[in-house]
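If you want the building blocks of each chain, they are given just below.
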Amino acid sequence: MSAERRLLGASCMTSIFTSPRYPMLPYHLQSLGRDRITSWDISQRFCWNRHISSCMRWPGNYSWAPYPYFSSQHCSLNWRPPCLFLPNRSQFQYWNWRPDNFTHTSLFHLSSYIMNSEEDKPASKRRKSQGVIKRHWESLNHHNKENMKILGDKRVDQKYKDEKEKFEFSVMSYNILSQDLLEDNSYLYRHCRKSVLIWGFRFPNILREIKHMDADILCLQEVQEDHYRKEIKPNLESLGYHCEYKMRTGRKPDGCAICFKCSKFTLLSANPVEFYRRDIPLLDRDNVGLVLLLQPKFHCTASPICVANTHLLYNPRRGDIKLTQLAMLLAEISSVAHQKDGTVCPIIICGDFNSVPGSPLYSFIKEGKLNYEGLAIGKVSGQEQSPRGQRILSIPIWPPSLGISQNCVYEIPQVTRVEKAEEDDMTQKQLEKTEVLIATEKLSSNLHHHFSLSSVYSHYLPNTGIPEVTTCHSKNAVTVDYIFYSTEKESINSQQGTEVALVGGLKLLGRLSLLTEEDLWTVNGLPNENNSSDHLPLLAKFTLEH
């Protein structure tokens, strides 16, 4: 049966429900018709008898519209669906209706229907039945599984006792979707019911997710300042978290927060990073970052942990700004993570990087190097597919006045020869080496950082290769959120001046699985009744070896 005839049948049933002349219909269906049609006027009930081009609506745009109505252009007005008058339940099943599930508050679910608007959604994004998609825990530590078997046999070896001495903790990264940004970009959420977009509905859901995941460290993005002050911070503090927050500069009302459990960590330092620089035209955006140095409690020999959180610029065509913001964040991380003895503590970097897996920016984070010569500015983040009008990245990307080298560390100021003669703790050879390094870096198209970073997620399903996604709304479904962590290495010798020794090491124990775009559209994308952001929370568990 054609979709047009199905559609007519649904609307004819609306008329039937309002009349007492059809006792063969189940009572709860008759009740449904009375309850749901009382707020409609005559023109709305019988709009298929008129040429009303605007009568088609996306279901959910109006609270009183249980399903889309239509005009006479969509079907023959003389046709009548005989199956509606048969009491056989199989006829309803044939129409993909489920009478057993109907109540007076139920909505009709039509498997297909006609849509005319320019903003109509493709078939994969049409409203699906609401539900919950389960995300499972992926354990990545096979040694722990072996130990559990040993425990079952009541044979505990020394190796397992050593495992207990290691410090385990979990990290969550979550872009919770600022309410102001949601309302300013409402076109991204046309697939949503209006009721699920209200902050009063969303915040309890977000808090429920945070409680359920019970992470030791929370890295939150798009945290609106007034909501943070009045609701988010008080609630998290009641759960035993200490909260640090950095609001975006300018008139932007949201920012980044890092919250950690006071029972597991002590705060050594909090270091906000502002990417806006008044004296540098390139850096005219209000994005920020936040870097904390945390000391694990009850493990005196454990190294501190450097935790960073950021939300980079969205604009897909401004890769130059994104790379510069990333370099500024890495420079601050390098400054905070370096210890007095010359070692670098373990590092975790969370955030919304507005870049997709495999893009030059993503590859730079993981590989520690990027030659951007000839790279189009819109290709940096992998979001911009159109080649038109894209200029090439300049060399260097940012001016020397920023004070950050091509190695993404704070640059040593150039020293005059008079000052050099007075230095007691630096030899002439070391100073000349520094001068030469700075001079050559300014002309190079090679970026470097000296961290060895891995991503918690692999970004593709292992068996099918289907991409995982971390955000899903009316316009797009991609991965832009990440948790990166430093892997255990004695040293990294990639370029002169980048040698570093890492103390301790992070081992990834497990992660909360991600979903595919198809998975998310089965529950009507994001946000929905159970997930109140347009991003999924990321969750990982680590052990700190010392």
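Refer to the structure printed above.
Below you will find a few notes about this structure.

Rules used in this analysis
- Residues numbered from 1 in each chain as written.
- Predicted model: local features only at pLDDT ≥ 70, side-chain atom pairs only at ≥ 80, totals over all residues.
- Heavy atoms only, no water.
- Helix = DSSP H or I, 4+ residues; strand = E, 2+ residues; numbered from the N terminus.
- Buried < 20%, exposed > 50% of the residue type's maximum accessible area, 1.4 Å probe, protein only.
- Contact = heavy atoms within 4.5 Å.
- Areas by Shrake-Rupley, 256 points an atom, 1.4 Å probe, with all protein chains shown as cover.
- Expected span 1.5 Å × (residues − 1).
- Phe/Tyr/Trp six-rings, centres within 6.5 Å; stacked < 30°, edge-to-face > 60°.
- Lys NZ or Arg CZ within 6 Å of the ring centre and 35° of its normal.
- Core = buried A, V, L, I, M, F, W, Y, C linked by side-chain atoms within 4.5 Å.
- Pairing = 2+ DSSP bridges.
- Axes fitted to C-alpha atoms, helices over the stretch in contact; angles between N-to-C directions.
- Lys, Arg positive; Asp, Glu negative; His and termini not counted.
- Salt bridge = Lys/Arg side-chain N within 4 Å of Asp/Glu carboxyl O.
- Polar contact = N/O pair within 3.5 Å; in protein donor to acceptor, adjacent residues only side chain to side chain.
- Parallel < 35°, antiparallel > 145°, perpendicular 65-115°, else oblique.
- Left-handed = near helix turned anticlockwise from the far one by under 90°.
- Nonpolar A, V, L, I, M, F, W, Y, C, P; charged D, E, K, R; others polar.

## What about the overall build of the protein chain?
Thought 1: Regarding its fold elements, the protein chain presents 14 helices and 19 strands.
Thought 2: Burial statistics for the protein chain: of 546 residues in total, 52% are counted as buried.
Thought 3: Here the contacts in the protein chain between residues at least 6 apart in sequence split such that 73% fall between residues at least 24 apart.
Thought 4: Here the protein chain displays about 26,200 Å² of accessible surface, and carbon together with sulfur accounts for 51% of that area.

## Focus on helix 10 (residues 319-337)
Thought 1: Along its 19 residues, helix 10 runs 26 Å from first to last C-alpha, staying within 8% of the 27 Å computed at 1.5 Å per residue.
Thought 2: Along helix 10, 18 of the 19 residues are buried, which leaves the element largely enclosed by surrounding structure.

## Some details on the packing of aromatic side chains
Thought 1: The full count for this structure, using the stated rule, is 13 aromatic pairs.
Thought 2: Centroid distance Tyr228 to Tyr245: 4.3 Å. Interplanar angle 15 degrees. Geometry classified as stacked. Linking Tyr228 in helix 9 (residues 225-238) with Tyr245 in strand 4 (residues 241-247), this pair joins segments that are 17 residues apart in sequence. Just as Tyr228 is buried, Tyr245 falls in that class too.
Thought 3: Taken together, the aromatic side chains of Phe167, Phe169, Phe260, Phe265, Tyr485 and Phe542 make up a single cluster linked through ring pairs.
Thought 4: The residue whose ring lies beneath Lys264 is Phe167, and the NZ or CZ to ring-centre distance is 5.1 Å.

## Notes on the nonpolar core
Thought 1: Grouped together as the largest cluster of nonpolar side chains are 58 residues, with contacts concentrated most on Phe169, Ile217, Leu218, Leu236, Ile348 and Phe542.
Thought 2: The element contributing the most residues to this core is helix 8 (residues 199-213), with 6 residues.
Thought 3: Residues in contact with Ile348, not counting those within four places in the same chain, are Phe169, Val171, Ile305, Cys306, Val307, Ala308, Ile483, Phe484, Tyr485, Leu506 and Phe542.
Thought 4: Of all hydrophobic cores here, the second largest spans 47 residues; its members include Phe275, Ile321, Ile347 and Tyr372.

## Regarding the sheet that holds strand 3 (residues 217-224)
Thought 1: Read from one edge of the open sheet, 7 strands run 1-18-19-2-3-5-4, paired in mixed fashion. Both edges of this open sheet fall to strand 1 (137-139) and strand 4, since each of them pairs with a single strand only. Looking at each pair of strands side by side, their axes are set apart by 25 degrees on average, direction ignored.
Thought 2: Packing against the sheet, helix 8 makes contact with strand 2 (167-175), strand 3, strand 18 (505-512) and strand 19 (538-545), and its axis sits at approximately 165 degrees to strand 2.

## Overview of the side chain of Glu222
Thought 1: Within the element layout of this structure, Glu222 appears in strand 3.
Thought 2: At 6.9 Å, Arg248 is the nearest oppositely charged side chain to Glu222, a buried residue that forms no salt bridge.
Thought 3: Of the polar contacts made by the side chain of Glu222, one reaches the backbone nitrogen of Ser178; its length is 3.1 Å.
Thought 4: Apart from residues no more than four positions distant in its own chain, Glu222 is found in contact with Asn175, Ile176, Leu177, Ser178, Leu181, Asp254, Gly255 and His311.

## Thoughts on the side chain of Gln221
Thought 1: Mapped onto the elements of the fold, Gln221 is located in strand 3.
Thought 2: Gln221 sits in the buried class, given a relative accessible area of 0%.
Thought 3: Separated by 3.2 Å, the side chain of Gln221 and the backbone nitrogen of Asn175 make a polar contact.

## Notes on the environment of Glu367
Thought 1: Along the chain, the position of Glu367 falls in helix 11 (residues 360-367).
Thought 2: Here Glu367 falls in the exposed class, since its relative accessible area comes to 54%.
Thought 3: Through-space distance from the C-alpha of Glu367 to that of Leu453 is 7.5 Å; in sequence the pair is 86 residues apart.

## Some points on the packing of helix 8 against helix 9
Thought 1: Contact geometry for helix 8 and helix 9: axes closest at 11 Å, N-to-C directions at 30 degrees. With respect to helix 9, the element helix 8 is oriented roughly parallel. Helix 8 and helix 9 meet at a crossing whose hand is right-handed. Facing helix 8, whose interface residues are Trp199, Phe203, Leu207 and Ile210, helix 9 presents His227, Glu231, Ile232, Asn235 and Leu236.
Thought 2: A per-class count over the contact of helix 8 with helix 9 returns 6 nonpolar, 2 polar and 1 charged.

## Let's talk about the pairing of strand 7 (residues 288-296)
Thought 1: Of all the 9 residues making up strand 7, 9 are buried; the element is thus mostly covered by neighbouring parts of the structure.
Thought 2: Going residue by residue along strand 7, you find Val288, Leu290, Leu292, Leu294 and Pro296 tucked away on one face and Gly289, Val291, Leu293 and Gln295 tucked away on the opposite face as well.
Thought 3: Pairing of strand 6 (residues 265-274) with strand 7, which is carried by 9 bridges, proceeds in the antiparallel orientation. Within the sheet, the bridge partner assigned to Glu274 lies in strand 7 and is Val288.
Thought 4: As defined by bridge partners, strand 7 adjoins strand 8 (residues 305-311) across 6 bridges and the pair is classed as antiparallel. Considered in strand 8, the bridge of Val291 is made with Ala308.

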